[in-house]
Each structure stands twice: as C-alpha cells, then as structure tokens.
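Topology and contacts: notes
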Amino acid sequence: MNFLRGVMGGQPTGPQPSGAETIQKLCDRVASSTLLEDRRDAVRALKALSKKYRSEVASQAMSHLIHILQTDSSDSEIIGYALDTLYNIFSNDEEEEQDESEDENGQKQADDLGCQFTEIFIKEQENVTLLLSLLEEFDFHVRWPGVKLLTALLKNQCSQVQAVILVSPMGVSRLMDLLADSREVIRNDGLLLLQHLTKCNAAIQKIVAFENAFERLLDVITEEGNSDGGIVVEDCLLLLLNLLKNNNSNQNFFKEGSYIQRMKPWFEVGDENLGWSAQKVTNLHLMLQLVRVMVSPVNPPGATSSCQKSMYHCGLLQQLCTILMATGVPADILTETINTVSEVIRGSQVNQDYFASVNAPSNPPRPAIVVLLMSMVNERQPFVLRCAVLYCFQCFLYKNQKGQGEIVATLLPSTIDANSISAGQLLCGGLFSTDSVSNWCAAVALAHALQDNLTQKEQLLRVQLATSLGNPPVSLLQQCTNILSQGDKIDRRGSKVQTRVGLLMLLCTWINNCPIAVTHFLHNQANIPFLTGQISENLEEDEQLVQGLCALLLGICIYYNDNSLENYTKEKLKQLIEKRIGKENFVEKLGSICKHELYSRAAQKPQPVFSSPEQMLFDHEFTKLVKELEAVLTKTVHKSSEEEKKEEEVKKTLEQHDSIVTQYKELIREQDTQINELKTQVSSMKTQNEQLQASLTQQLSQLQQHKDQYNVLKLKLGKDSQQHNAHGKGAQVNGVQSEELSRLWEELEELKKQHGVLQSQLAEKDSLIEKMKSEGAHAVEGTAGSSENNSELQKELETLRAQVQSQSAEISQLQAERQELLNKAETLAMVSAPGNTDSSAAAAKITELEKRLSEVTGETEKIKEEGKIWSDSKAALEQQVATANSSVAILQNEKSKLQQEVAESKKEQDDLLMLLADQDQKIKSLKDKLKELGEPIEEDDDLDTRDQYDDEDDEDDD
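Residues numbered from 1 in each chain as written. Predicted model: local features only at pLDDT ≥ 70, side-chain atom pairs only at ≥ 80, totals over all residues. Heavy atoms only, no water.

**Structural notes on the side chain of Gln479**
Which entries qualify depends on this criterion: Strands are runs of DSSP state E lasting at least 2 residues, helices are runs of H or I lasting at least 4, and numbering of each runs from the N terminus. Contact definition: two residues touch when any of their heavy atoms are within 4.5 Å.
Its place among the elements puts Gln479 in helix α27 (residues 476-485). The contacts of Gln479, once residues within four sequence positions are left out, are Phe432, Leu465, Thr467 and Val474.

**Some points on helix α20 (residues 349-357)**
Test applied: We call a residue buried when its accessible area falls under 20% of the maximum for its residue type, exposed when it is over 50%, and partly exposed in between, using a 1.4 Å probe and counting protein chains only. The directions considered for the arc are those from the helix axis to the C-beta atoms.
Within the sequence span of α20, burial applies to Asn351, Gln352 and Phe355. In an axial view of α20, the angular spread of the buried residues amounts to 100°, which keeps them on one side of the axis. Elements that come into contact with the buried residues of α20 comprise α17 (301-313), α18 (316-325), α19 (331-345), α21 (368-376) and α22 (383-397).

**Quick notes on the packing of aromatic side chains**
Going by this rule: Any pair of Phe, Tyr and Trp rings, taking the six-membered ring for Trp, is counted once the centres come within 6.5 Å. Such a pair is stacked with planes under 30 degrees apart, edge-to-face with planes over 60 apart, and tilted for the rest.
Evaluation of the coordinates by the stated rule reveals twelve aromatic pairs. Note on Trp440 and Phe610: the rings are 5.9 Å apart at their centroids and 85° apart in plane angle, and the pair reads as edge-to-face. One end of the pair, Trp440, is in helix α25 (residues 436-450); the other, Phe610, is in the loop between α35 (597-602) and α36 (620-638), with 170 residues separating them in the sequence. Both residues of the pair, Trp440 and Phe610, belong to the buried class.

**Things to note about the nonpolar core**
Basically, it comes down to this: In plain words, nonpolar cores are sets of buried Ala, Val, Leu, Ile, Met, Phe, Trp, Tyr and Cys residues tied together by side-chain atoms within 4.5 Å.
Counting 209 residues, the largest nonpolar core has Leu150 and Leu476 as its most contacted members. Element by element, the count of residues in this core is highest for α22, at twelve residues.

**Quick word on the pattern of salt bridges**
Going by this rule: Basic side-chain nitrogens of Lys or Arg form a salt bridge, by our definition, when they fall within 4 Å of a carboxyl oxygen of Asp or Glu.
What the rule picks out here adds up to 19 salt bridges. Arg44 is the partner of Asp41 in a salt bridge, and the nearest nitrogen-oxygen pair spans 2.5 Å. With Asp41 and Arg44 both in helix α3 (residues 36-49), this residue pair falls three residues apart, about one helical turn. Asp41 gets classed as partly exposed once you look at its relative accessible area, which sits at 25%. Under the relative-accessibility criterion, Arg44 is labelled partly exposed at 26%. Beyond isolated ion pairs, a larger network of salt bridges with shared partners links Arg40, Asp75 and Glu77.

**Topic: the environment of Asn339**
Relative to the helices and strands, Asn339 is located in helix α19. Relative accessible area serves as the criterion here: at 5%, Asn339 is assigned to the buried category. Discounting chain neighbours no more than four positions away, the residues touching Asn339 are Arg292, Ala388, Tyr391 and Gln607.

**A short note on the packing of helix α4 (residues 54-71) against helix α5 (residues 76-90)**
For the record, the criterion: The axes are straight lines fitted to the C-alpha atoms, using for helices just the contacting stretch, and the angles between their N-to-C directions are given from 0 to 180°. Handedness of a crossing is defined here by the sense of rotation of the near helix relative to the far one, left-handed for an anticlockwise turn of less than a right angle and right-handed for a clockwise turn. Just so you know the grouping, Ala, Val, Leu, Ile, Met, Phe, Trp, Tyr, Cys and Pro go in nonpolar, Asp, Glu, Lys and Arg go in charged, and all remaining residues, Gly too, go in polar.
In contact at an axis separation of 10 Å, α4 and α5 are set at 145° when each is read in the N-to-C sense. Every pair of crossing elements has a handedness; the one defined by α4 and α5 is left-handed. On α5, the residues touching Arg54, Val57, Ala58, Met62, Leu65, Ile68 and Leu69 of α4 are Ile78, Ile79, Ala82, Leu83, Thr85, Leu86, Asn88, Ile89 and Phe90. Residues belonging to the contact of α4 with α5 are distributed by class as follows: 13 nonpolar, two polar and one charged.

**Thoughts on the side chain of Thr304**
So the rule is basically this: Any pair of N or O atoms that falls within 3.5 Å is considered a polar contact. Within protein, one atom must be able to donate a hydrogen and the other to accept it, and sequence-neighbouring residues count only if both atoms are side-chain atoms.
Relative to the assigned elements, Thr304 resides in helix α17. Separated by 3.3 Å, the side chain of Thr304 and the backbone oxygen of Ser296 make a polar contact. Once residues within four sequence positions are removed from consideration, Thr304 is found in contact with Met294, Val295, Ser296 and Asn299.

**Quick notes on the environment of Phe610**
Under the relative-accessibility criterion, Phe610 is labelled buried at 14%. Residues contacting Phe610, with those up to four places away along its chain left out, are Phe383, Cys387, Trp440, Gln615, Met616, Leu617 and Phe618.

**Regarding the confidence of the model for the protein chain**
The predicted coordinates of low-pLDDT regions are not to be read in fine detail. Put simply, the test is: The predictor's confidence in any single residue is recorded as pLDDT, a number from 0 to 100.
Confidence in the prediction for the protein chain averages 79 pLDDT; 72% of positions are at 70 or higher. Within the model, pLDDT remains below 50 along residues 487-495, and this stretch shows 13 contacts once partners closer than five positions in the same chain are excluded. For residues 779-790, every residue scores under 50 in pLDDT, and the model assigns this stretch nine contacts once sequence neighbours within four places are set aside.

**Remarks on the packing of α19 against α22**
The line we're drawing: Note on angle classes: values under 35 degrees are labelled roughly parallel, values over 145 roughly antiparallel, values of 65 to 115 roughly perpendicular, and the remainder oblique.
At a minimum axis separation of 8 Å, α19 and α22 run at an interaxial angle of 15°. Viewed along their axes, α19 and α22 adopt a mutual orientation that is roughly parallel. Here α19 runs over α22; the crossing is left-handed. Contacts between α19 and α22 involve Leu334, Thr335, Ile338, Asn339, Ser342, Glu343 and Ile345 on the former and, on the latter, Val384, Leu385, Ala388, Val389, Tyr391, Cys392, Cys395 and Phe396. Residues that form the contact of α19 with α22 fall into these classes: eleven nonpolar, three polar and one charged.

Here is the structure:
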C-alpha cells in the first residue's frame, strides 16, 4: 500500500513511481481487489490523479470505472468517486495554473481531449443508459456527480448524446425529475443539463414541454422573484427560450396552456429609484426575448395573431407600454422593450389601436407615438434606439389603414394645430434636417404611412410646405424632388448617399400604383431631365445605387403613366430612355439594386438592424417593392407601342371576362345557398316522414289486432247460430220473443240502408280512382312534352294529392262504419241467441272493442292531421325545387307515388268488398233465422242483395 500512502500524502520511502505507473497499479487494484474498501480507496486515488493525469486516467481507467458503475451500484460512495473521476476526464474546464499566453491553445487542446474521450464513452450506448439509471438514485453523492457528468457529455458531443437519450426508455422523463429535487444545487445543475439537452433538437424540446416543463419553470421563476431573481431565473429563461424558439408546436402549447398570462408579473419593475442590477437587466432582456419569440414575424400568421390577442387581453401589452413610458429605465432595456412592443402590435388592429391611445406622462400629455418620433429624429439619441423607434412606427402602420390615415391627416392643412407637435410635423422636420440618419428614418417612416394605401397617397399630394418668407408654398412632393434635382441643395443637404436613397425610396413608394401622383411628379419639368442625367452619368461606386433607384423611379413613371401629359406619355418616355440612356444600360442600372450587399440583408427580416449608420440604406418593405417591379419594368421598357395596345385590349377583355365570371360566381353562390336550404328542408321532411311511417305502422298493427279479435268473435257467433238452430223451438217458447224480433227487424232495416250507402260510396270511389289514373297520365305526358306547363302540372299534382288524401279519409270512414256494422250484427246475434246466458260476457267484449275502436279512431285522426301538415310542407318544398330546374324529375316521382297510392287504394277497396260480401252473408243468415222464427221476409230484399252482388262482381271484372 506504499503507492497509496504516497498518493494520499504519506511519507515517501525509496524511489517514487511515475504517474502512469501509479495509475496502472490503481487500475489493477480496482480490477483485482475483492474487498469493497480496497476498490473504493483505489477509485478515490484515481479521482485525485484525474485532473493532473487526465489522458493517462482516461486511457487506462475508463473501462474499470464503467465496470464499477455496473457492479457496485449498491455502494453510493464508490459510485460517486467513479462519476467524479469520469467528469474530470470529460470536462473541458481550463486549468487554473495555465499561463495567460497559453490560454487559447490550452483550451483548444482540452476541448479536443474532452470530445475524444466522450466519443469513446458514448460509442457504447449502454454507458449513457447506465448514467440515466443512476440519476434515479436520490443519494446526493450519486445524483449530483451524475448530473455534472451528463452535462459534460452534452457539451462535448451534444447531437450524439441527444440521440442516445432520445431512444432511451423514459430518458427525458428521468432528467425532468431533476427540476423537482428539493436540493437547489441539483435543481440548478439540472437546469444547465436541460439547456444543453434541448439545443437544436425539436423532438426533445417537444418531449420536455409535454413533461410539464413550462409549469415547473414558471413556478421556479416566481419563487425566485421574477425579474429581481438571481442566476437561477436566468437559467430558467434560457431553457424556456430553447423550448420555444423556432418550435411552433411548443409555442402553441404554451399559448393554449394559458402561460402567456403568467408572464405579466415579470414586467412589474417597481420603484425605478432603487436602481437596476446587472442581473435584473439580463433577466428582463431574456423575458422580453421570450415575448418576442411568441409574436415573431417569422411565426405562422395565425399563431402570431392568437398570441397578440392573448397578450392584449391579459394586460401584458399594457404592462410593456408602462415600461416604455417610465423614467429611469436603462437604455438597452428601453430599446428592447420598444422592439418587443413593435412585434406585439404588428398587424393586430386591436393592439395598434391601443398603442395609438397610449400617452406619455408629460404635461401636457403627449401621444406615445409623438414622443418616440421625437427620439427618432433627434441625432443625440443612441443609434440602436432610433432604429427601434423606426421599427415600432413601421409595425404600428403595418396593415393599419386607419393609423396611416391618422398620420397623413396630421400633415393636411385643415388638421394642423400650431400649439402642439404632431407626428407629421416631426416627420417633415426629420425629412429635411441636416442629419442624414434623420432624413432616412423620416423618409422610410413616411413611406410606410403610404404603403398599399392609394387614398393616403392622393391625400399626401395636398400637403403644402412653407419654404421661406415671401415665397409661395410648395407641395411636399415638389420639395422632395427639388432637394434631389437642385445641385446646390444636394451639395449642402443631400451629398450623402443615405439622404438621397431615403428620398428616392419615399418617391418610389409614393407614386407606385398611383397615376395621379405620377402626373404630379411629371408636371415638374425638371424631374425627368434630372433622372435621365443621373442614370446616364458615370458615377462612383457609392453613387451607383442612386442611379439604380433613379431608374426604378423613371420606370414607375412609365408603367403607371395615364398619358395625361402630352410631353411625357409612355411612348415619349421610352424614346427618351432609348436615346439618352439606352435600354440595356437602363435595365442594367435597374438590376444593380438587387445585387447590392445591403439589399439582401434588409430583405431577410422586417426589423431594421444595422451595425453602423453608414449601413442604413434599404428598408425591408421597399425590397419587396423592388422585387415586384423589376421584371415588370424591364418588360415595359422593351415593349413596343403596338404590343402595349394589344396588352391593353387583352387587359380590358380579361377585365370584362372577370366581371362576367364574378357575376356567375355570385349566381352560383346564391344557388348553392338555396340548394343547401332545400337539402336541409328535405332532410327535415324525411325525418318527419319516417316518424309518420312509424306511427302509421303502429296503427296498422293495432288495426290488425282488432281484426283478429273480430275474427274470433265471428267464429263464436257462428257456433252460437248452430246452437240456436238446434234449439229453435225452445226459443219460440221464450216470453220475450215478439219484442226481440221486432227490435231485430228494425236493426235489419237499418243495416240494409247502411249497406246501400256503402255500395254507393264504393261506386263513387271507383270512378274517382279511374279519373285519378287518367289525370296522372295526362300530367306526366304534359311534363315530358313541354317544360312551360310546369306550373299547371304542379297545380294538377296538388289536386291529385288532395284527392288521394280525401280517398284515404273516405276509406278510413268506411272501415269505421264497417266495424260499427259488424258490432251491431254481433249484438243482434247475441240477443237472438236462446237463454241470453252469455249476453253479459258478449256485451263486455263489445264494450271493450268499441273502446279500442274509439282509441284507434282518435289516433287515426291525429295521423291525418300530421299527414296534412307534412303534405303542405312537402308541397312547398316541391315548389322550391321546381324553381331550380328540376320539376320534371319531381313530377315523374310524384306519378310513381300516385300510381302506388292508387294501387294501395284499389287493394283496400278489394279488401272492403270482401268484408262487405261477408257482411251480406251474415245478413242472409239472419234473414234465414227470421224465417225460421216465422217472420215474413220480402223477396225484393233478396233480389236487391243479389243485384248488388252482381254489380260488385261486374266492377271487379272491370
């Protein structure tokens, strides 16, 4: 154990082994020792040597340390030593004793060693999985070294370690548990670990977010004091930025989880007199960046709009505006706040309207927009702050025609207030000041007030400026062109390219797609010679951009020229270009704009970001305009007058075609609306029809039950008649025979009358059915022959439908009368039976049957009423469908329905005839009984009955 004592600080005896030899002996001890204490001591010694002899320990002891982690997991102390040793191997922390001259080279070598050792370690994915399993150990001596070791691995080989963790079961979940650890050191190092884990990996970012990371991180920020918190708040904010930046899924989850509302307390800055610590400034910077991530212009428009609404409703925008107008706020925080407010209001009408209503706490109160513009045109303000104010003004006017009108209105003569400073006055003052940055910013800001707004372009032509005493006022357009075209003023004010570029961008935006403004521009006789002179000259490289913008301005004058000025028509301007400049030279100058280095930078994002004032040349929205017009203007210059005439004719034809197409589209929309309404009504009618069919089926079932009961009573009646024939003589002896016979005779006469009525009704029904058949056929033929008779056929169809309904009602009445007739016949048979012993039971059955019949009758009437309502609704529906050119198909459908109804009516009539025949048979049997009782029967009755049967047979044959 001498080598151990030497390592641990004992007195050396004899020659000392080298570091490599000592490490080799310690490794042998770790591999061969059977006692846990010996292995623990050896690993502790390796830990002590791992910083000084990093390469030797890594090359000789790494495999033994991994084996310790696998086999000795029950002993937390040796596991902690092994993890610390591996951390020293992989960590790239710079040695304290290195000389300053060797800092850079030493750090680079350390980084290389750490990456090499990490690559060896993670080559076996089981090693990373082993570390993840050890993190579940709650023991501090295991968990904390494990967190530090995994963080070091992520620093060295981030993407590779991320891939292993991503495929490990519950790998991310185990790391998320670190945030819930009650020991702050582990929780804080866990935050650092998650920061490295979530870098540039959308899949892991989503998993972490769905592991409730937002809730936990926001809780930590609140516990630590929000913006007044320490480094832990900064770590939480950095992790939130990793999770949300360029991750639309997590941003949507953050918004839907109502976490935006929890950001409001971050910006309650409190008493400004207490000062701002460096940590608070850093925290607020990160918090503002988080807000901007949620409303960034590069996000999907729908997601950005939704977040903007949430920020307004929860009061976050109001809180940011409070910071914006507060005093004592550091300049960098104020600049970032302005940028944040800019993107919160960009393109959101509600937020833009609120921002327009914000006033600065001054006496008298001034609108926040005016206060910000004062800073923008003040050359003493920091350059980044002026850029931020310009961006805020641009965002305020983005897709905000109302705001554009309000800004332009402050320049009009009728609205100018001499006692107050307006936005328009500040812009004009900046436009013509001696500071080139103010010139450029004011020109771009005014151009945004005209962006895609033809009305305001025309309104701005009314603006008049007083140049000097004794001289008449000039228009704003003329003043801008005068500064460009007059040589002495260019030398004094516009010698800098920045000023001239700003004015040219304003003029191009102003007259673009505005023929009236083009006419006003051309009306100044000096403008066109100045533009052609600038384009044709050989200027320095810095002035070539001005030449390109002059070519763009001249091209717009040609393209949007309405030929109202005889000297400057499209054709004459083209001839002027060909003679003075040359078409190829003109196109080359025009194309030089997009080739400029600063053009491509400005085209990347809306926010104006310039490292120095000299780079402030292009505006983002103007780059879109150049890209849109370059090809069009090039084509316009090369076109001949004949081609233009042809194109104008084609354009007019297309406009007419578009007008016709628009009319047809409107017609189709109306028809689609009607069809949808009809479909809805058809669906409703189908539902009602199904309900009625179900109710009718139920009634038919009940009617069938009554028929079955009737058949049972008829059989019983037949048996009673046989018993009566067998005991005829006994019946004659009955004392009440004469009285009963007279009553039977009266009822028999009544039955005859009713029978005659039924026969007449059946004859009328037969004629009605034949008439319906002929009329239905005639209606269908008329429909097929001519579509002009649709209205008449519709009326006939309604008549046929009414007749069918009337026929159904008559059939139902006949069925009711038939049932009543049967009941009376049964009563007659019961009374005529000898003894009347079963009369009470029969009377009870008859009473019950009559009760059921009355219920069926009531339900039938209800069905009739519903059927009538359904029929009326269906008639209205059919009439609407007829207006949609489909009446023929509907009438054919109605024909088939009518034929089916006629067939059903015919079938019901046949059933009724059969029942009447049975009734006649019963009447005949009753007459036979009366004859047996000795009552005289007239022969005419029999003849009438036979004649009726013969008539019925004839009708059936027909």
